[in-house]
Amino acid sequence: MRDAHMPGKGGRTAARRKKEREAIMRTRKRTAKAKVLLLACMAALTLGVAGLWGCASGDGQGDAKQGEAPASESQEALEPVSVAYLNKAGYETVIVADKKGYFDAAPMDVELLTVSGSGQQSVEALLAGSADIAATGQGPVADALGQYGDDIVVLCGTNCNTNSQVIVASPSMTGDTAITPYDKASDNKAEVKASFEAAAAALGRPVKLGVQQGATTESAVKSWMSAMGVSVNDFGTEGDGTVTLVDVKANTLPTVLAAGSDIDLMAASQPYPDTALSAAPGSYRVGSNADTNSYDVAAYITTKEVYEKEEASLKEFVKALDQATDYMADSANEAECVKICADSMGASEDTVRAAFSVADWKTGMTDTMLDSLAKAVKKKGYEMTPDQIKAACPLIPWMDAELGD
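Summary of the structure given here.

**Quick notes on helix H11 (residues 272–279)**
- For H11, the set of buried residues is Tyr272, Pro273 and Ala276. Down the axis of H11, the smallest arc covering the buried residues is 105 degrees, so these residues share one side.
- Of the surrounding elements, those touching the buried residues of H11 are strand E6 (165–169), helix H10 (253–259) and strand E10 (265–269).

Pasting the structure below:
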């Protein structure tokens, strides 16, 4: 298993990256086949020696072994696969599968490609041909399905949780511009709405909320604002909305919020909200997707072209993820998994533990996952029926039979 970092947009062109990756894949395929041939030869030699020993001992075992082919000789080498992901909360399954050796134990090479920003960058790597699989959230999955239809294949989900998309206000949002945090117990939506309107009036402009366009958080924050009755101006538009969305790359949001000039609030998935709360003393939490009973799906998608060529390898990849989620779902392993993820992400164990506390680790495609994807697609404005979304998940029958509960 290899771990690499994806180049930024200013690096190689997508076409050049694709050609280079194809060359690498051809080389790796030849290497994999050479390994299989070597193993076959070694196995044949071992069987030959065993056969001679059997004849010499006269126990008949040599005759019984004749005609049996070594397992490695009968099994064709599987294509290597690469997965683009983010080294942050929401991608814990990849991290644990890597560190616990489940990818290394798979019968093919798994290459990890780290990207920055949000799951949208994982999907961009997939569509550019730089990765075979994109690990991402439901927002980018909805965009991919809506824009590319049958060319996108949803492999599986590994977690469906809530309270992971969080809105944080800048320390400067105090006094007349203070935002009232939502309290689910008292259902104080009217007070929340009034505080946003008062803040906009005091600022003499709409409240600026930074969020990465296309990320799962975009849909979550729009749903949250709608539930609170707060009007929103979309990215790059001017209007009468109380809040204006500003496109800011997710991993830079804590720094931008702390600077206190370009945005008044931020919304992102963990660990960025907790990072902001630590980096900007006086900042405070306003709400999360748990307030609207919304769920996030950690999903893995590929293209139809890759799926048709590498289905066997993709199934083995999903099996490795299943091993990871089974391990993570066992409370006896939580402390170990939290430390593994915290060390990898460079985050505090408390932050990671908070993510684990709301997680539902399971590899598959449950009804809740399908429902969350369907809602995300609808919120994005795409016309897809639930049956069409389910049809984009061809591994469901196989996962139900092979992975079980």
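**Here's the deal with the sheet that holds strand E11 (residues 284–288)**
- Strand order in the open sheet formed by six strands is E8-E9-E7-E10-E6-E11, and the pairing between neighbours is mixed. In this open sheet, the two edge strands, each paired with only one partner strand, are strand E8 (232–233) and E11.
- In this sheet, E11 lies alongside E6 in antiparallel orientation, the contact comprising four bridges. Residue pairing in the sheet places Val168 in a bridge with Arg285 of E11.
- Against the sheet, helix H9 (residues 216–228) contacts E6, strand E7 (207–211), E8, strand E9 (243–247), E10 and E11, and its axis sits at roughly 70 degrees relative to E6.

**Focus on the packing of helix H8 (residues 189–203) against H9**
- Contact geometry for H8 and H9: axes closest at 8 Å, N-to-C directions at 105 degrees. Taken together, the axes of H8 and H9 are roughly perpendicular relative to one another. Here H8 contributes Lys189, Val192, Lys193 and Phe196 to the contact with H9, which in turn contributes Trp224, Met225, Ala227 and Met228.
- Here the residues of the contact of H8 with H9 sort into six nonpolar, no polar and two charged.

**Digging into the pairing of strand E2 (residues 81–85)**
- With five of five residues buried, E2 lies mostly within the body of the structure.
- On E2, burial covers both faces: Val81, Val83 and Tyr85 on one face and Ser82 and Ala84 on the other are all buried.
- Here two bridges tie E2 to strand E4 (residues 133–136), and the two strands are oriented parallel to one another. The partner of Ala84 across the bridge, within E4, is Ala134.

**Regarding empty space enclosed by the protein**
- Tallied over the entire structure, the rule returns one cavity of 30 Å³ or more.
- Roughly 30 Å³ of internal volume is contained in the largest cavity.
- Together, Gln165, Val166, Ile167, Thr217, Ala220, Val221, Trp224, Ala267, Ser288 and Asn289 line the largest cavity.
- Elements supplying a minimum of two residues to the lining of the largest cavity: E6 and H9.
- In terms of residues, the lining of the largest cavity owes the most to one element, H9, which gives four residues.
- By residue class, the composition of the lining of the largest cavity is six nonpolar, four polar and no charged.

**With respect to the pairing of strand E3 (residues 110–114)**
- Extensive coverage of E3 is indicated by the burial of five of its five residues.
- Every second residue of E3 is oriented toward a common face, with Val110, Leu112 and Thr114 on one face and Glu111 and Leu113 on the other, all of them buried.
- Pairing analysis gives five bridges linking E2 to E3, with the strands arranged parallel. Across the sheet, Ser82 pairs through a bridge with Glu111, a residue of E3.

**Regarding unusual backbone geometry**
- At Asp187, a position not held by glycine, the phi torsion is positive, near 50 degrees.
- Positive phi is not limited to glycine here, since Asn293 has a value of about 55 degrees.
- Secondary-structure assignment places Asn293 in the loop between E11 and strand E12 (296–303).

**Some points on the pattern of salt bridges**
- Enumeration according to the criterion identifies 16 salt bridges in this entry.
- Across the pair Glu218 and Lys222 runs a salt bridge whose closest N-O atoms are separated by 2.8 Å. One end of the pair is Glu218 and the other is Lys222, both in helix H9 and four residues apart, which spans about a single turn.
- Using a relative accessible area of 9% as the deciding quantity, one classes Glu218 as buried.
- Lys222 gets classed as partly exposed once you look at its relative accessible area, which sits at 30%.
- Taking the shortest distance from any N to any O, the salt bridge between Asp371 and Lys375 comes out at 3.4 Å.

Conventions and cut-offs
- Residues numbered from 1 in each chain as written.
- Predicted model: local features only at pLDDT ≥ 70, side-chain atom pairs only at ≥ 80, totals over all residues.
- Heavy atoms only, no water.
- Buried < 20%, exposed > 50% of the residue type's maximum accessible area, 1.4 Å probe, protein only.
- Helix = DSSP H or I, 4+ residues; strand = E, 2+ residues; numbered from the N terminus.
- Arc of directions from axis to C-beta.
- Contact = heavy atoms within 4.5 Å.
- Pairing = 2+ DSSP bridges.
- Axes fitted to C-alpha atoms, helices over the stretch in contact; angles between N-to-C directions.
- Parallel < 35°, antiparallel > 145°, perpendicular 65-115°, else oblique.
- Nonpolar A, V, L, I, M, F, W, Y, C, P; charged D, E, K, R; others polar.
- 1 Å grid on protein atoms, 1.4 Å probe; cavity = no way out; pocket = protein on both sides within 12 Å on 5 of 7 lines; lining within 4 Å.
- Points joined across faces, edges and corners; volume = space filled by probe spheres on them.
- Salt bridge = Lys/Arg side-chain N within 4 Å of Asp/Glu carboxyl O.

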